[in-house]
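Remarks on the overall topology
As a plain string of letters, each chain reads:
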Amino acid sequence: MLEIMNRRIVVLDGAMGTMIQRQALSEDDFRGSRFAGWDYRLKGCNDLLVLTCPEVIKNIHRAYLDAGADIIETDTFNANAISLADYGLGNYVPEINYMAARLARATADEWSLSHGGAKRWVAGSMGPTNRSLSISPSVEDPAARNVAWDELVSTYTCQASSLIAGGADMLLIETVFDTLNAKAALCAAS
């Protein structure tokens with residue numbers, strides 16, 4: 001990839017979330033048959049779609065590849081134990097990340113095969129989580145924290161290792177508003 005990057009601009013795909021919103025999926029779509037009786041509302045848990053609506057995600061990947069993307073991101077922006085806990089899905093982190101990377105990898109490889117072998121890459125997307133190491137969740141207690149460094153590094157490590165096992169070529173730490181969270185993600189990715 002570095003050789004190609006030295007010769008030309010490499011294009012990264014666009015926003016996965018807005019492409020998913022365009023699909024106007026229902027709660028039932030997010031649940032699929034596997035999570036039909038789940039105790040939590042799942043609509044909005046975009047990362048789960050790699051298990052419940054993989055063809056929707058595959059079509060989004062294809063659309064970006066057809067538009068000229070060299071790199072497609074996995075549908076894993078919030079696929080970490082901290083964020084998925086809001087949906088009761090914390091235990092599904094390894095499976096979701098692995099399957100998201102497999103899905104993106106398969107789509108990239110299929111596209112490459114049908115386009116004369118033009119290599120395409122998969123970036124494992126790792127987002128910010130919904131907790132901050134630097135910012136207190138309580139106005140009354142500025143020193144309070146709802147996550148610890150070791151917990152966040154462990155959270156990101158699980159996500160990163162599952163993405164790599166699934167076939168991601170690289171990790172993309174994105175949209176992290178807290179630099180200490182970003183450092184934890186970088187520590188986990190190294």
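Overview of the structure.

This paragraph deals with the overall build of the chain. When its secondary structure is counted, the chain shows nine helices and three strands. Along the chain, from the amino end to the carboxyl end, the secondary structure elements read α-α-α-α-α-β-α-α-β-α-β-α. What you see for the chain is a C-alpha radius of gyration of 17 Å, in line with the 16 Å of a compact globule of 190 residues. Along the longest, intermediate and shortest principal axes, the C-alpha atoms of the chain span 60 × 45 × 25 Å. For the chain, buried positions account for 45% of its 190 residues. Across the chain, contacts joining residues at least 24 apart in sequence account for 71% of those joining residues at least 6 apart. Of the accessible surface of the chain, which amounts to about 9,400 Å², a share of 54% is contributed by carbon and sulfur atoms. Side-chain charges in the chain split into 16 positive and 23 negative, and the spacing between the mean points of these groups amounts to 5 Å.

Let us look at the pairing of strand β2 (residues 121-126). Counted residue by residue, β2 has six buried out of six residues, so it is predominantly covered. Of the two faces of β2, the one holding W121, A123 and S125 and the one holding V122, G124 and M126 are both buried throughout. As defined by bridge partners, strand β1 (residues 71-73) adjoins β2 across three bridges and the pair is classed as parallel. The residue bridging E73 from the neighbouring strand is A123, located in β2. The handedness of the β2 to strand β3 (residues 170-173) crossover, carried by helix α8 (residues 149-166), is right-handed.

Another point: the sheet that holds β2. Strands sit in the order β1-β2-β3 across an open sheet of three strands; the sheet is parallel. The open sheet is flanked by β1 and β3, the only strands paired with a single partner. Across the sheet, the axes of successive neighbouring strands diverge by a mean angle of 35°, strand direction being ignored. Here four bridges tie β2 to β3, and the two strands are oriented parallel to one another.

Another point: the packing of helix α7 (residues 93-114) against α8. The angle between the axes and the distance between the axes are what describe a pair of packed helices. Contact geometry for α7 and α8: axes closest at 7 Å, N-to-C directions at 35°. Regarding α7 and α8, the two cross each other, and that crossing is right-handed. Facing V93, P94, N97, Y98, A101, R102 and R105 of α7, the residues of α8 in contact are C158, Q159, S162, L163, A165 and G166. Across the contact of α7 with α8, the residue classes break down as seven nonpolar, four polar and two charged.

Cut-off values and rules
Residues numbered from 1 in each chain as written. Predicted model: local features only at pLDDT ≥ 70, side-chain atom pairs only at ≥ 80, totals over all residues. Heavy atoms only, no water. Helix = DSSP H or I, 4+ residues; strand = E, 2+ residues; numbered from the N terminus. Rg over C-alpha atoms; globule rule 2.2 N^0.38 Å. Buried < 20%, exposed > 50% of the residue type's maximum accessible area, 1.4 Å probe, protein only. Contact = heavy atoms within 4.5 Å. Areas by Shrake-Rupley, 256 points an atom, 1.4 Å probe, with all protein chains shown as cover. Lys, Arg positive; Asp, Glu negative; His and termini not counted. Charge placed at Lys NZ, Arg CZ, Asp CG, Glu CD. Pairing = 2+ DSSP bridges. Right-handed = clockwise from strand over helix to strand, strands pointing away. Axes fitted to C-alpha atoms, helices over the stretch in contact; angles between N-to-C directions. Left-handed = near helix turned anticlockwise from the far one by under 90°. Nonpolar A, V, L, I, M, F, W, Y, C, P; charged D, E, K, R; others polar.

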